[in-house]
Amino acid sequence: MIEEHRKILLIEDNPGYVLLTREALKENKKNFDLYVVKDGIEAMSFLRQENKYTDAPHPNLILLDLYLPEKDGYEVLKEIKADDELKRIPVVVLTISKFEEDISKIYELHANCYIIKPINLDQFIRVVKSIQDFWFTIAKLPPKIRGKRRSAK
Amino acid sequence: MNNNEIGNPIEILLVEDNPGDVRLTREALRDGKVKNNLSVAKDGVEALDFLHKKSKKYENAPRPDLILLDLNLPKKNGIEVLGEIKTDDELKHIPVVILTVSKAEEDILKAYNLYANCYIKKPVELTAFLKVVKSVENFWLTIVKLPTN
């Protein structure tokens, strides 16, 4: 596995889930860098390397919650998947929502996969580990985006 | 989390022209935890006919819950099939897992840009191949929530 293929962006406003995700990823022997943004606007700034995120790296995988302040997960997903530079990055939607309608809509917006967050703590950790294991050891991630998207003025 | 709570088997469409890979995939999926039904299309044209229920042969074809798509296919290649699925309002919600021998960056990038749900390089070695199919089965059928048709 190539070293740079280990950056995960978690878009999540609930500090409890952030903590648990961090714990679950840490248990893996390999080093993963987890970046966290708490709302949709911040997420897009991070991905577009704008404002305070000019030095933010491009993540290899995005974990996206649907219910976010400022700009919700649907909007974030839509923007990522309509952006020629960003759309290659796999987006794993991780949410408590279980409405069937929601699920099809999320796939229509080209989420790479949809996962329901288990309420049970151990199960949640297990799910995060499965995501990490599947995407970083079984799947091939897209080649990295070269250089910065927007050159500094 | 379980995808077949009401007991219906998960419908999987495998688009693959190599009979050996078809057999191995079938075997790996048969032993899986989740009940599933595997249909096979041997080329890109057949795959799209199956999905569109075109011709008498496919009028009763089930709508797949998951598609496993090879890239090197006769008649119409996997990239074209993927492009057609992901621009079709009736089909684009169906997750497509690319399963191919190619590990060329160009193919990986093209597939993700056309909204493949994930890209997997088929191992050449038998046990490794079975392990990969089982991982796909485990992740996509038990961890992921698939869309309902």
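So, a few notes on the structure that sits alongside this text. Along each chain, the written sequence defines residue order, and numbers are assigned to residues from 1. Lettering for chains starts from A, numbering for ligands starts from 1, and both go in the order in which the items are written. In view of the model being predicted, local features appear only for residues whose pLDDT reaches at least 70, and side-chain atom pairs are presented and counted only at 80 or more, with totals across whole chains, interfaces and linings using the full set of residues. Water and hydrogen atoms play no part in the side-chain values, which are based on all heavy atoms of the structure.

1. A short note on the pattern of salt bridges
Residues and elements named next belong to chain A.
Stage number 1. Every case where a carboxyl oxygen of Asp or Glu lies within 4 Å of a side-chain nitrogen of Lys or Arg is listed as a salt bridge. For the structure on display, the rule yields 19 salt bridges over all chains.
Stage number 2. Between E79 and R48 there is a salt bridge; the shortest N-O distance is 3.2 Å. Placement of the pair is E79 in helix 3 (residues 73–81) and R48 in the loop between helix 2 (40–47) and strand 3 (61–64), with a sequence separation of 31 residues.
Stage number 3. Across the salt bridge formed by R48 and D83, the nearest N and O atoms sit 3.5 Å from each other. Placement of the pair is R48 in the loop between helix 2 and strand 3 and D83 in the loop between helix 3 and strand 4 (91–95), with a sequence separation of 35 residues. Each helix is a run of DSSP H or I of at least 4 residues and each strand a run of E of at least 2, with the numbering of both proceeding from the N terminus.

2. As for helix 3 of chain A
Residue and element names in this part refer to chain A.
Stage number 1. Type-normalised accessible area, obtained with a 1.4 Å probe on protein chains alone, sets the label of each residue: buried when under 20%, exposed when over 50%, and partly exposed for intermediate values. Of the residues making up helix 3, those classed as buried are G73, Y74, V76, L77, I80 and K81. On an axial view of helix 3, the arc spanned by its buried residues comes to 165°, and they lie on one face.
Stage number 2. Tucked inside the fold, the buried residues of helix 3 contact strand 1 (7–11), helix 2, strand 3, strand 4 and helix 4 (100–108).
Stage number 3. Among the residues of helix 3, the N-terminal cap falls to D72, whose side-chain oxygen and the backbone nitrogen of Y74 are separated by 3.2 Å. Here the arc refers to the directions that run from the helix axis out to each C-beta atom. Working rule for contacts: check all heavy atoms of both residues, and any pair within 4.5 Å makes them a contact. Two N or O atoms form a polar contact when they lie within 3.5 Å of each other; inside protein one atom must be a possible hydrogen donor and the other a possible acceptor, and for residues adjacent in sequence the pair counts only when both atoms belong to side chains.

3. Things to note about the sheet that holds strand 2 (residues 33–37) of chain A
Residues and elements named next belong to chain A.
Stage number 1. A pair of strands is considered paired only if DSSP assigns at least 2 bridges between the two. A sheet is described by the order of its strands in space; here five strands give the open sequence 2-1-3-4-5, paired in parallel fashion. The open sheet has two edge strands, strand 2 and strand 5 (113–116), and neither has a second partner. Adjacent strand axes in the sheet meet at a mean angle of 20° when their direction is disregarded.
Stage number 2. Strands strand 1, strand 3 and strand 4 of the sheet are contacted by helix 3, whose axis makes an angle of about 155° with strand 3. Comment: axis = line fitted to C-alpha atoms, over the contacting stretch for helices; angle = value between 0 and 180 degrees taken between N-to-C directions.

4. Considering the packing of aromatic side chains
Stage number 1. Stacked, tilted and edge-to-face pairs are distinguished by plane angle, under 30 degrees for stacked and over 60 for edge-to-face with tilted covering the rest, among Phe, Tyr and Trp rings (Trp via its six-membered ring) whose centres lie within 6.5 Å. Evaluated as defined, the whole model comprises nine aromatic pairs over all chains.
Stage number 2. Ring geometry for F134 of chain A and F139 of chain B: centres 4.3 Å apart, planes at 0°, overall stacked. Of the two residues, F134 of chain A sits in helix 5 (residues 121–138) while F139 of chain B sits in helix 5 (residues 126–143), which places them in two different chains.
Stage number 3. We classify F139 of chain B as buried; its relative accessible area is 2%.
Stage number 4. Look at F50 of chain B and Y58 of chain B: their rings are 5.6 Å apart centre to centre, the planes differ by 65°, and that puts the pair in the edge-to-face class.
Stage number 5. An aromatic cluster is present here, built from F134 and W135 of chain A together with F139 and W140 of chain B joined pairwise through their rings.
Stage number 6. To sit over a ring, a charge needs its Lys NZ or Arg CZ within 6 Å of the ring centre and within 35 degrees of the ring normal. The aromatic ring of Y74 of chain A is capped on one face by K105 of chain A, whose charged end is 4.3 Å from the ring centroid.
Stage number 7. Here the guanidinium or amino end of K117 of chain A rests over the ring plane of Y17 of chain A, the centre of that ring lying 3.8 Å away.

5. Concerning the interface of chain A and chain B
Stage number 1. The interface of chain A with chain B comprises 31 residues on the first partner and 30 residues on the second.
Stage number 2. Summed over both sides, the interface between chain A and chain B buries roughly 2,800 Å², with carbon and sulfur atoms accounting for 65% of that surface.
Stage number 3. Where chain A meets chain B, there are zero salt bridges.
Stage number 4. Summed over the shared surface of chain A and chain B, the number is eight residue pairs in polar contact (both at pLDDT 80 or more).
Stage number 5. Of all the secondary structure elements, the ones that give two or more residues to the side of chain A that touches chain B are helix 4, strand 5 and helix 5 of chain A.
Stage number 6. A per-element tally of the side of chain A that touches chain B places helix 5 of chain A first, with seven residues.
Stage number 7. Looking at the side of chain A that touches chain B residue by residue, the class counts come to 17 nonpolar, four polar and 10 charged. Using a 1.4 Å probe, buried area is obtained as the accessible area two parts lose upon being combined, added over both of them. When residues are grouped by polarity, Ala, Val, Leu, Ile, Met, Phe, Trp, Tyr, Cys and Pro land in nonpolar, Asp, Glu, Lys and Arg in charged, and all others, Gly among them, in polar.

6. Section: unusual backbone geometry
Residues and elements named next belong to chain B.
Stage number 1. The residue K53 is not glycine, and still its phi comes out positive at about 50°.
Stage number 2. Relative to the elements of secondary structure, K53 occurs in the loop between helix 2 (44–51) and strand 3 (66–69).
Stage number 3. The phi torsion at S55 lies on the positive side, around 65°, for a residue other than glycine.
Stage number 4. Taking the relative accessible area as the measure of exposure, S55 reaches 46% and is therefore partly exposed.

7. Describing the packing of helix 5 of chain A against helix 5 of chain B
Stage number 1. Two elements in contact, helix 5 of chain A and helix 5 of chain B, have axes separated by 11 Å at closest approach and are oriented at 140°. In terms of axis orientation, helix 5 of chain A runs oblique to helix 5 of chain B. The two elements helix 5 of chain A and helix 5 of chain B meet at a crossing, and its hand is left-handed. From helix 5 of chain A, V127, S130, I131, F134, W135 and I138 of chain A reach across to helix 5 of chain B, where they touch V132, S135, V136, F139, W140 and I143 of chain B.
Stage number 2. By residue class, the composition of the contact of helix 5 of chain A with helix 5 of chain B is 10 nonpolar, two polar and no charged. The cut-offs work like this: below 35 degrees is roughly parallel, past 145 is roughly antiparallel, 65 to 115 is roughly perpendicular, and the gaps in between are oblique. Crossings are sorted by hand: turned counterclockwise from the far helix by less than a right angle, the near helix makes the crossing left-handed, and turned clockwise it makes it right-handed.

8. Here we look at the nonpolar core
Stage number 1. By nonpolar core is meant a set of buried Ala, Val, Leu, Ile, Met, Phe, Trp, Tyr and Cys residues that side-chain atoms within 4.5 Å join together. Counting 106 residues, the largest nonpolar core has I115, I131, F134 and W135 of chain A together with I120, F139 and W140 of chain B as the members making the most contacts within it.
Stage number 2. For this core, the element with the highest residue contribution is helix 5 of chain A, accounting for nine residues.
Stage number 3. Excluding its chain neighbours within four sequence positions, the residues that come into contact with I120 of chain B are F134, I138 and A139 of chain A together with V97, I98, L99, T100, V132 and V136 of chain B.

9. Description of the packing of helix 2 of chain A against helix 3 of chain A
Residues and elements named next belong to chain A.
Stage number 1. The N-to-C vectors of helix 2 and helix 3 enclose an angle of 20°; their axes lie 9 Å apart at closest approach. Relative to helix 3, helix 2 is oriented roughly parallel. Handedness of the crossing formed by helix 2 with helix 3: right-handed. Contacts between helix 2 and helix 3 involve G40, A43, M44 and L47 from the first element and V76, E79 and I80 from the second.
Stage number 2. Of the residues belonging to the contact of helix 2 with helix 3, the class tally is five nonpolar, one polar and one charged.

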